[in-house]
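Structural characterization, general
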Amino acid sequence: RRARSHQKSKTMSGAASPEAEAASPAKRPEAPSSSSKKPKPRLFGVAKKLVAASTAQGGLTASGKRKSLNPVFKCVSQKRIDVEALRSFHDAEFYWRERDEGGATPLHRLVANKACGEEHVEACRVAVKATGIAEVRDNEGRTPLHQVVLNPDATAGLVEAVFALCPRAAAWTTGVGKRPKDAPLHAACRIAATSAAAVTSVAR
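Residues numbered from 1 in each chain as written. Predicted model: local features only at pLDDT ≥ 70, side-chain atom pairs only at ≥ 80, totals over all residues. Heavy atoms only, no water.

Per the stated rule, a full pass over the model turns up one cavity of 30 Å³ or more. Computed from the structure, the largest cavity encloses a volume of approximately 30 Å³. Lining the largest cavity we find A134, P144, L145, V162, F163, C166 and A169. Tallied by class, residues from the lining of the largest cavity come to seven nonpolar, no polar and no charged. (1 Å grid on protein atoms, 1.4 Å probe; cavity = no way out; pocket = protein on both sides within 12 Å on 5 of 7 lines; lining within 4 Å. Points joined across faces, edges and corners; volume = space filled by probe spheres on them. Nonpolar A, V, L, I, M, F, W, Y, C, P; charged D, E, K, R; others polar.)

In total, this model carries one aromatic pair according to the counting rule given. Residues F94 and Y95 carry aromatic rings whose centres are separated by 6.1 Å and whose planes lie at 55° to one another, so their mutual orientation is tilted. Among the residues examined, F94 registers a relative accessible area of 59% and is labelled exposed. (Phe/Tyr/Trp six-rings, centres within 6.5 Å; stacked < 30°, edge-to-face > 60°. Buried < 20%, exposed > 50% of the residue type's maximum accessible area, 1.4 Å probe, protein only.)

Tallying each qualifying case throughout the model produces six salt bridges. E93 is paired through a salt bridge with R97; the nearest N and O atoms lie 3.4 Å apart. With a gap of four residues between them, E93 and R97 both fall in helix α6 (residues 93–97), about one helical turn apart. Assessed through its relative accessible area of 44%, R97 is described here as partly exposed. Here D138 and R142 are joined by a salt bridge, their closest N and O atoms 3.2 Å apart. (Salt bridge = Lys/Arg side-chain N within 4 Å of Asp/Glu carboxyl O. Helix = DSSP H or I, 4+ residues; strand = E, 2+ residues; numbered from the N terminus.)

With that settled, consider the side chain of H120. Its place among the elements puts H120 in helix α8 (residues 118–123). Judged by relative accessible area, which is 4%, H120 ranks as buried. In contact with H120, other than residues within four places in its own chain, are I81, V83, L86, L110 and A115. (Contact = heavy atoms within 4.5 Å.)

This is the structure:
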């Protein structure tokens, strides 16, 4: 009896009453120490650096579009186009074949430039013939011949020089979706800024 009563009293003294358990605050789990935290991978930062480096080299922009900044594109986009610089790219076929985000080649950009003259077309004739880009259409369906007649400062001589690169382009029409299908002559007549000399040259 004594052993049983001693065991019972020991059990009762060790167990807490329900009232005592309710009154005592609940124990919160211990927060992991700073030493146990694993460092997060910095993949986002690495990807950001790669995009920035690609953009700087004329690769992809942050939106994913191609940014054409090769030396030929830079040359033909200047306010004063260097004829000798153009001539120096006569064997850089890779650069001439590149397109910008609108599908235009360096030749499209060149003949659309107000500073472009017959001498500039002549300077890149070798590269144009080697690559066949006089026949290339941009995303709007325009050839370089379409583009030159839209240039308000294009002379008759410039239009004829571009026409000589690809005579059959005079019969090709543009038109993407519901847009009007224009041959170069239609485009020249549609734009009021086009010079009369350019319209006459195309009409011939």
